[in-house]
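# A closer look at the structure
Listed below are the residues making up each chain.
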Amino acid sequence: MNKDIRKAPLAAIKPHEITAHNHTRIDNYFWLNDREDQEVIDYLNAENAYYEAETAHTKAFQKDLFEEMKSRIKEDDSSVPYFYNGYYYITRFEKGKDYPIYSRKLGSLEADEEIMFDCNEMAEGHSYFHLRGINVTEDNQWAAFAVDTVSRREYVLHIKNLTTGEILPLSIEKTTGSSTWASDNKTLFYSRKDEVTLRADKIFKHKLGTAATEDVLVYYEEDETFDTHIYKEKSRKYLVIGNDSTLTSECRILEADNPDGEFRIFQTREREVEYTISHYGEYFYIMTNLDDADNFKLMKCPTDKTTFEHWEEVIAHREDVLLEGVDIFRDYLVISERSNGLPHLCIMPWNAPENAYYLPFESETYNAYTGINVDFDTEILRYGYQSLKTPSSIVDFNMRTQEKTVRKEQEVIGDFDKENYIEERIWATAKDGVQVPMSLIYKKDLQKDGNNPFLLYAYGSYGYSMEPYFSTTRLSLLDRGFVYAIAHVRGGEDMGRQWYEDGKLLTKWNTFDDFIACSEHVIAQGYTSPKHLYAEGGSAGGMLMGVIVNKRPDLYNGVIAQVPFVDVMTTMLDDTIPLTTGEYDEWGNPNEKEYYDYMLSYSPIDNVVAQQYPNMYISTGLHDSQVQYWEPAKWVAKLRVTKTDHNQLYLDTNMDAGHGGASGRFESLKEVAKEFAFMLDLEGINA
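If you're wondering where the values come from, they're calculated on a predicted model, not measured in any experiment.

## Focus: the packing of aromatic side chains
Taken as a whole, this structure holds 43 aromatic pairs when the rule is applied. Plain terms: the ring middles of Phe83 and Tyr88 are 4.8 Å apart, the flat faces sit at 55° to each other, and that makes the pair tilted. Under the relative-accessibility criterion, Tyr88 is labelled partly exposed at 23%. Among the aromatic side chains, those forming a connected cluster through ring pairs are Tyr238, Phe266, Tyr275, Phe284, Phe308 and Trp311. The ring of Tyr155 carries Arg132 above its face, with NZ or CZ at 5.6 Å from the centroid. Against the face of Phe66 rests Lys670, its NZ or CZ located 5.4 Å from the ring centre.

See below:
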């Protein structure tokens, strides 16, 4: 392995002053934020060339890993059909093809297949392709759909005649990809983005047969910290415009059969009051944190009296149970909850709420969730179940008879046997004494002698709970002796709403300290050692990686940071960057000195110092709209001239992709193979 650091590209230093609160920071690499500048492209290409040259000896292994991971996947796979409005809808893949085929069958699974969209044909000629937002009119004739061929999450909206197969000569640009039809089968509502910030700020109305230039602006969200979207209630009775910031929400409603009517406010937004609504019969059901219900409660109100004073409690707030969502059926209410870090599903008959019951899940660590349940009148609940060692299952559960039918279990091609693996949940003691859970998996007969390679993953932001999910790709690490773990650090909602509150704004350091505590714990328990411990995180989890390598680089042999949010101060001070203003409730507003000082204390790029750093593999996408490519590029540039070691430091930029990486079903495996080869090579494992 060639570790001659002199071969690494060095970005030009062009000092740029950024002053706030009478404090000036010098950003030597601010110039990298212009993707139209050829010097920027040349630098990114030079970093890519350096990465390719330094890892040339792993290319054959990367290919083997890719083929190995691909071989476990059933190529000619198909989703479990779901029934809606007279049709069975199916998503399937064909052998050797990267993209899904969306089809439907009228009335019966024995009926002829109607192919709605073959994404393999549609993706031809594009290095990136993503179709989303398929939305069919109630008369089943028209489908709206949206396509992104840049990977910047700016979707072009189209309409297809499902009877004739004709795609109308209509292209509506800068949309979110989401849309919904009114009940008249000719009026389409959709959301659009601001051209600069990419914030979803507008709702438009389009009429079939008219030009996009005639579309009517229905709603404009003026508050830069809010996004807006529109959908139709499961009952099909109402259209809902939702407006959300990190801590506050507001809805507007309109009868779906009156698309030219005026939307009316359900309940005017109030700071730090969140609510979502679901329609059933004569009531709206409201999931909300009103009146300090941190873990949320369920309320209801008449459809014609929707303001706070008419809200009536259905399920009270519970200190130890997080209410995560509800699914409403004609005869049943399904309640998704989380307690002690694990999900639970409760079934409640509307006519006998005292007979509510829970679905039994007995694993030590698992993930259970309601699936696609679009049919309002059914007594069948579709839910999913998986764990770190148990492949994903789709189950149809009869809520009346309590009989369940496993409709599909994820097929793992090869000699996989889940009994060859151990999964467990362990707890680390954080800096402030809080117990932090981790979900682990490893092969049987593991010796806790400190010599096992160990990959620790975390996210820890926005209240996202990181579920212990099954992965066929992960087997390539487990079968080579790795332990894999998810650290359920604060900043997520894994242990309830307070878990999130204690890991954001002026408590954000808890997220970082929790991860360090988890790292120290698995070392102390003999699962691994600093010579064999690896850390991984993406986006906001990439920021976590940036903080831990600054604070405790001695704990890790290698770190993988995917599309990392590491230039916190510069980004959060620039309100022209996509998503910035909407992030103030998560990170703080640095225009206020208290938040400026706190964010500066952990901002990864601002805390790079002259010390030894772990081996690092950092990936990004040129067209990323969530975390701009220049953040990791600037971070790497600064690390190159500051760190005191000769460990590996790679910046790998996908010049065709954005925040989500490659779009093809199997192309994304090549990115995983790069990450795995990086760690396995450091472990001296090359087969």
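Next, the rest of the story.
## So, the sheet that holds strand β16 (residues 249-255)
The four strands are arranged β14-β15-β16-β17 in an open sheet whose pairing can be described as antiparallel. For this open sheet the edge positions go to β14 (227-232) and β17 (264-267), each flanked by a neighbour on one side alone. Mean inter-strand twist for the sheet, computed between neighbouring axes without regard to direction, equals 30°. Strand direction decides the pairing type here: β14 and strand β15 (residues 238-244), joined by six bridges, are antiparallel. If you follow Ile230 over to β15, its bridge partner there is Ile241.

## Regarding the environment of Glu501
Counting through the fold element by element, Glu501 comes out in helix α5 (residues 497-501). Taking C-alpha positions, Glu501 is 32 Å from Leu381, a pair spaced 120 residues apart along the chain. A polar atom in the side chain of Glu501 sits 3.4 Å from the side chain of Lys504.

## Quick notes on the packing of helix α1 (residues 38-54) against helix α11 (residues 630-642)
Relative to each other, α1 and α11 sit at 65°, their axes nearing to 12 Å. Where α1 crosses over α11, the two elements pack in a sense that is left-handed. Where α1 approaches α11, its residues Tyr43, Leu44, Glu47 and Tyr50 are matched on the opposing element by Ala633, Val636, Ala637 and Arg640. When its residues are assigned to classes, the contact of α1 with α11 shows six nonpolar, no polar and two charged.

## A short note on the side chain of Ser103
Mapped onto the elements of the fold, Ser103 is located in strand β5 (residues 101-106). By relative accessible area, Ser103 is classed as buried at 1%. A polar contact is formed between the side chain of Ser103 and the side chain of Glu113, at a distance of 2.9 Å.

## Quick notes on helix α7 (residues 540-551)
The first and last C-alpha atoms of α7 sit 17 Å apart over twelve residues, in line with the 16 Å expected at 1.5 Å per residue. Counted residue by residue, α7 has eleven buried out of twelve residues, so it is predominantly covered. The complete set of buried residues in α7 reads Ala540, Gly541, Gly542, Met543, Leu544, Met545, Gly546, Val547, Ile548, Val549 and Asn550.

## With respect to the nonpolar core
When a protein is soluble and globular, its nonpolar side chains tend to lie buried together. Counting 110 residues, the largest nonpolar core has Phe515, Tyr602 and Trp635 as the members making the most contacts within it. Those residues in contact with Phe515 that sit more than four places away from it in its chain are Leu456, Tyr457, Ala458, Ala487, Val489, Ala535, Leu544, Met545, Ile548 and Tyr556. Ranked by size, the runner-up nonpolar core spans 17 residues in total, among them Tyr332, Tyr357, Tyr366 and Tyr385.

## Remarks on the sheet that holds strand β6 (residues 113-118)
The strand order across the open sheet formed by four strands is β3-β4-β5-β6, and the pairing between neighbours is antiparallel. Two strands close off the open sheet at either side, each with one partner strand: β3 (82-84) and β6. For this sheet, the mean angle separating the axes of adjacent strands, direction not counted, is 30°. In this sheet, strand β4 (residues 87-92) lies alongside β3 in antiparallel orientation, the contact comprising three bridges.

## Notes on the pattern of salt bridges
Inspection of every chain in the model, using the stated rule, returns 47 salt bridges. A salt bridge links Glu39 to Lys14, with the nearest nitrogen and oxygen atoms 2.8 Å apart. Within this pair, whereas Glu39 is found in helix α1, its partner Lys14 is found in the segment before β1 (16-20), the two being separated by 25 residues in sequence. What makes Glu39 partly exposed here is its relative accessible area of 34%. Residue class for Lys14 comes out partly exposed when judged on its relative accessible area of 33%. Through salt bridges with shared partners, a single ionic network connects Glu274, Glu493, Arg497, Glu501 and Lys504.

## A closer look at the packing of helix α2 (residues 59-71) against helix α12 (residues 667-682)
Put simply, α2 and α12 touch, their axes get as near as 8 Å, and they point 125° apart. Overall, the two elements α2 and α12 adopt an arrangement that is oblique. Note on packing geometry: the crossing formed by α2 with α12 is right-handed. From α2, Phe61, Gln62, Leu65, Phe66, Met69 and Lys70 reach across to α12, where they touch Leu669, Lys670, Val672, Ala673, Lys674, Phe676, Ala677 and Leu680. Partitioned by chemical class, the residues of the contact of α2 with α12 number ten nonpolar, one polar and three charged.

## A closer look at the side chain of Arg92
Relative to the helices and strands, Arg92 is located in strand β4. Look past the residues within four positions of Arg92 in its chain and what remains in contact with it is Asp77, Ser78, Pro100, Ile101, Glu113 and Ile115.

## Observations concerning the confidence of the model for the chain
When pLDDT is averaged along the chain, the result is 94; 97% of the residues meet or exceed 70. Under a pLDDT of 50 for its full length, residues 1-5 has, in the predicted model, ten contacts with residues more than four places off or in other chains.

## Some words on the state of the cysteines
For the structure on display, the rule yields zero disulfides. Free cysteine Cys251: the closest other cysteine sulfur is in Cys301, separated by 11 Å.

## What about unusual backbone geometry?
Non-glycine residue Asn140 carries a positive phi angle of around 65°. On the secondary structure map, Asn140 appears in the loop between β7 (130-136) and β8 (142-148). Backbone geometry at Gln402 places phi at a positive 65°, although glycine is not the residue there. Along the chain, Gln402 turns up in the loop between β28 (393-398) and β29 (404-409).

## Points about α1
With 17 residues, α1 should reach 24 Å at 1.5 Å per residue; the first-to-last C-alpha distance of 24 Å fits that figure. Of all the positions in α1, only Val40, Ile41, Tyr43, Leu44, Glu47, Asn48, Tyr50, Tyr51 and Glu54 are classed as buried. Looking at the buried residues of α1, the elements they touch are α2, β36 (615-621), α11, β37 (649-654) and α12. N-capping of α1 is provided by Asp37, with a side-chain oxygen placed 2.9 Å from the backbone N of Glu39.

Rules and cut-offs
- Counting restarts for each chain, with residues numbered from 1 along the sequence as it is written.
- The predicted nature of this model means local features are confined to residues of pLDDT at least 70 and side-chain atom pairs, given and counted, to a pLDDT of 80 or more, with totals for whole chains, interfaces and linings taken over all residues.
- Note that the side-chain values use all heavy atoms of the structure and ignore hydrogens as well as water.
- Ring geometry is summarised as follows: Phe, Tyr and Trp rings, the Trp one being its six-membered ring, pair when their centres sit within 6.5 Å, and such pairs are stacked at plane angles under 30 degrees, edge-to-face over 60 and tilted between the two.
- We call a residue buried when its accessible area falls under 20% of the maximum for its residue type, exposed when it is over 50%, and partly exposed in between, using a 1.4 Å probe and counting protein chains only.
- Charges are assigned to positions over rings by a cutoff of 6 Å between ring centre and Lys NZ or Arg CZ, combined with an angular limit of 35 degrees from the ring normal.
- DSSP calls a pair of strands paired once it identifies at least 2 bridges connecting them.
- Strands here are runs of E lasting at least two residues and helices are runs of H or I lasting at least four, both read from the DSSP assignment and numbered beginning at the N terminus.
- What counts as an axis is a line fitted to C-alpha atoms, over the stretch in contact for a helix, and the angles between N-to-C directions run from 0 to 180 degrees.
- Under this definition, polar contacts are N or O atom pairs within 3.5 Å; protein pairs additionally need one hydrogen-donor-capable and one acceptor-capable atom, and for neighbouring residues in sequence, both atoms have to be side-chain atoms.
- Each crossing is labelled by how the near helix is turned from the far one, with a counterclockwise turn of less than a right angle marking it left-handed and a clockwise turn marking it right-handed.
- The contact criterion used is simple: two residues touch if any of their non-hydrogen atoms lie within 4.5 Å.
- Charged residues are taken to be Asp, Glu, Lys and Arg, nonpolar residues to be Ala, Val, Leu, Ile, Met, Phe, Trp, Tyr, Cys and Pro, and polar residues to be all remaining types, Gly included.
- Given a helix with a known number of residues, its expected span is that number minus one, times 1.5 Å.
- For this analysis, a nonpolar core means a set of buried residues of the types Ala, Val, Leu, Ile, Met, Phe, Trp, Tyr and Cys, connected via side-chain atoms within 4.5 Å.
- By salt bridge we mean one thing: a side-chain nitrogen of Lys or Arg within 4 Å of a carboxyl oxygen of Asp or Glu.
- In this scheme, roughly parallel covers angles under 35 degrees and roughly antiparallel covers those over 145, while 65 to 115 is roughly perpendicular and the rest are oblique.
- pLDDT gives the predictor's per-residue confidence on a scale running from 0 to 100.
- Criterion for a disulfide: a pair of cysteine sulfur atoms at a distance within 2.5 Å.

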